[in-house]
Amino acid sequence: MSLISYSAITTKIRAMQSRLISDEQLQVLAGSEDVCSAADFLKQQPAYADIFSDLDDTRLHRANIEQLLTLSEYRDFAKLYRFSNVSQRRFLDLYFMQYEIDVVKQVLRNVLSRQKTVLNLSIFRDFFNRHASIDLVALSQSENLTDFLAHLEGSAYYNLLAPLSGQNHAALFDYEMALDLYYFKTIWKIKNKILSRNEQKLLDACFGCRLDLLNLQWIYRAKKYYRLAPSDIYALLIPVNYKLCSTDISRLAEAPGMEEFFAVLKGTWYGSTHYPDLNEKPDPELLYHEILNRIYANAGRRHPYSIAILDSYLFLKKREKRRIITILEGIRYGLSSGEILALTAKQ
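Reading the values: the criteria
- Residues numbered from 1 in each chain as written.
- Predicted model: local features only at pLDDT ≥ 70, side-chain atom pairs only at ≥ 80, totals over all residues.
- Heavy atoms only, no water.
- Helix = DSSP H or I, 4+ residues; strand = E, 2+ residues; numbered from the N terminus.
- Buried < 20%, exposed > 50% of the residue type's maximum accessible area, 1.4 Å probe, protein only.
- Areas by Shrake-Rupley, 256 points an atom, 1.4 Å probe, with all protein chains shown as cover.
- Lys, Arg positive; Asp, Glu negative; His and termini not counted.
- Charge placed at Lys NZ, Arg CZ, Asp CG, Glu CD.
- Expected span 1.5 Å × (residues − 1).
- Contact = heavy atoms within 4.5 Å.
- Phe/Tyr/Trp six-rings, centres within 6.5 Å; stacked < 30°, edge-to-face > 60°.
- Lys NZ or Arg CZ within 6 Å of the ring centre and 35° of its normal.
- Patch = residues over 30% accessible without salt bridge, like charges linked within 9 Å, V, L, I, M, F, W, Y side chains within 5 Å.
- Salt bridge = Lys/Arg side-chain N within 4 Å of Asp/Glu carboxyl O.
- Axes fitted to C-alpha atoms, helices over the stretch in contact; angles between N-to-C directions.
- Parallel < 35°, antiparallel > 145°, perpendicular 65-115°, else oblique.
- Nonpolar A, V, L, I, M, F, W, Y, C, P; charged D, E, K, R; others polar.

### What about the overall build of the protein?
Thought 1: Each helix and strand in the protein was counted, giving 19 helices and zero strands.
Thought 2: Counting the 347 residues in the protein, one finds 51% classified as buried.
Thought 3: As displayed, the protein has an accessible area near 17200 Å², and 49% of this comes from carbon and sulfur atoms.
Thought 4: Charge centroids of the protein, computed over 43 positive and 40 negative side chains, lie 6 Å from each other.

### Here we look at helix α17 (residues 284–302)
Thought 1: In a regular helix each residue adds 1.5 Å, so 19 residues correspond to 27 Å; α17 covers 26 Å between its end C-alpha atoms and thus fits that length.
Thought 2: Of all the positions in α17, only Pro284, Leu287, Tyr288, His289, Ile291, Leu292, Asn293, Ile295, Tyr296, Asn298, Ala299 and Gly300 are classed as buried.
Thought 3: Next to the buried residues of α17 lie α12 (197–224), α15 (258–267), α16 (269–274) and α18 (307–332).

### Remarks on the environment of Gly154
Thought 1: Within the secondary structure, Gly154 sits in the loop between α9 (145–152) and α10 (156–165).
Thought 2: Residue classification places Gly154 among the exposed residues on the basis of a relative accessible area of 85%.

### A short note on the packing of aromatic side chains
Thought 1: Counted according to the given criterion, the structure contains 27 aromatic pairs.
Thought 2: Ring geometry for Tyr74 versus Tyr99: centroids 5.2 Å apart, planes at 65°, classification edge-to-face. Placement of Tyr74 in helix α5 (residues 62–83) and of Tyr99 in helix α6 (residues 86–112) is noted, with a sequence separation of 25 residues between them. Residue Tyr74 shares its accessibility class with Tyr99, and that shared class is buried.
Thought 3: What links up through ring pairs into an aromatic cluster is the set Tyr74, Phe77, Tyr81, Phe91, Tyr95, Phe96, Tyr99, Phe124, Phe127 and Phe128.
Thought 4: One Lys or Arg, Lys191, reaches over the ring of Trp188 and ends 4.1 Å from the middle of that ring.
Thought 5: Lying across the ring of Tyr242, Lys243 places its NZ or CZ 5.5 Å from the centre.

### A closer look at unusual backbone geometry
Thought 1: Located in the positive-phi region is Arg227, a residue other than glycine, with phi close to 55°.
Thought 2: Position of Arg227 among the secondary structure elements: in the loop between α12 and α13 (230–236).
Thought 3: The exposure class assigned to Arg227 is exposed, which follows from its relative accessible area of 69%.

### Remarks on a negative patch on the surface
Thought 1: A surface patch of negative charge is lined by Glu33, Asp34, Asp54, Asp56 and Asp57.
Thought 2: Positionally, Glu33 belongs in the loop between α2 (23–30) and α3 (35–43).
Thought 3: You can call Glu33 exposed: its relative accessible area is 75%.

### Some points on the packing of α6 against helix α11 (residues 172–194)
Thought 1: At a minimum axis distance of 11 Å, the contact between α6 and α11 shows a crossing angle of 175°. By the angle class used here, α6 and α11 are roughly antiparallel. Here Arg90, Phe91, Leu94, Met97, Gln98, Ile101, Val104, Lys105, Leu108, Arg109 and Leu112 of α6 lie close against α11, whose contacting residues are Leu172, Tyr175, Glu176, Leu179, Asp180, Tyr182, Tyr183, Thr186, Ile187, Ile190, Lys191 and Ile194.
Thought 2: Residues belonging to the contact of α6 with α11 are distributed by class as follows: 15 nonpolar, two polar and six charged.

Here is the structure:
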């Protein structure tokens with residue numbers, strides 16, 4: 001049944017995967033003399049040729065390029081949506097919440113930092129109209145927090161964020177944390193209602209690890225940079241456990257120092273399975289990307305006729321966007337190709 005229901009979408013994804021930027025192409029891109037040369041290189045790539053064709057030297061700043069890369073990401077999502085059957089579309093509808101929350105966060109950052117630059121999301125209007133639960137284009141025009149919340153009225157985001165606006169001490173971190181927790185809890189809860197048991201198991205392997213590793217990052221940062229008490233750390237965590245059990249969480253959060261933190265990490269499933277010789281102290285953010293890249297790549301290869309192939313491709317496309325932006329910024333600031341590639345390796 002999986003082979004029949006996924007044959008069309010799997011064939012489409014394999015064709016799209018062949019257009020992803022390879023590691024060798026990333027090396028060429030990182031060696032570009034300037035941003036203009038890098039943009040010319042992207043214009044030659046099948047996945048970006050049409051999108052970058054009209055990009056001229058006057059529009060080579062980060063905002064324009066990032067917008068075009070985002071458009072490529074949305075276009076790929078839309079292509080997959082058109083090729084999907086009813087059950088696959090239910091997953092994609094759920095996945096879209098990630099894009100929606102990304103825009104909400106971006107607008108919120110501008111509003112709270114009092115930036116006068118208004119996001120131009122008009123080129124995404126048709127895409128958002130088909131998939132979004134709120135008017136994201138209208139939201140992007142918000143000039144202050146009052147406008148921002150008014151555009152969210154009637155949505156779950158309003159009920160989530162409006163109470164924070166009445167708290168004088170609420171910062172961007174608090175708003176973004178509330179959005180993140182809402183997203184992860186919603187996905188974890190709803191996926192079991194729309195996916196078969198086999199699909200749930202496959203998605204759990206990817207998404208569950210992602211939640212565990214985010215909790216691991218937050219515990220690490222809370223202890224190293226903010227010296228938070230365990231009780232305060234627990235309040236920041238996603239209330240989901242996959243391979244990182246509640247005992248692991250407690251021991252990591254209550255470790256008296258970083259030596260003890262890494263000793264506990266070595267004994268977890270992530271330490272024993274992915275880093276059995278964890279003698280050094282790896283950056284948990286680098287650990288996060290290394291493990292997830294491996295898990296998502298393997299999931300798509302091992303289960304090509306399942307929901308894993310959709311989830312894996314969308315993950316790889318988003319990673320490609322991050323890497324290209326990092327390379328372009330590295331070129332802009334005059335970093336060597338080696339320094340740039342070292343930064344992209346962390347993503």
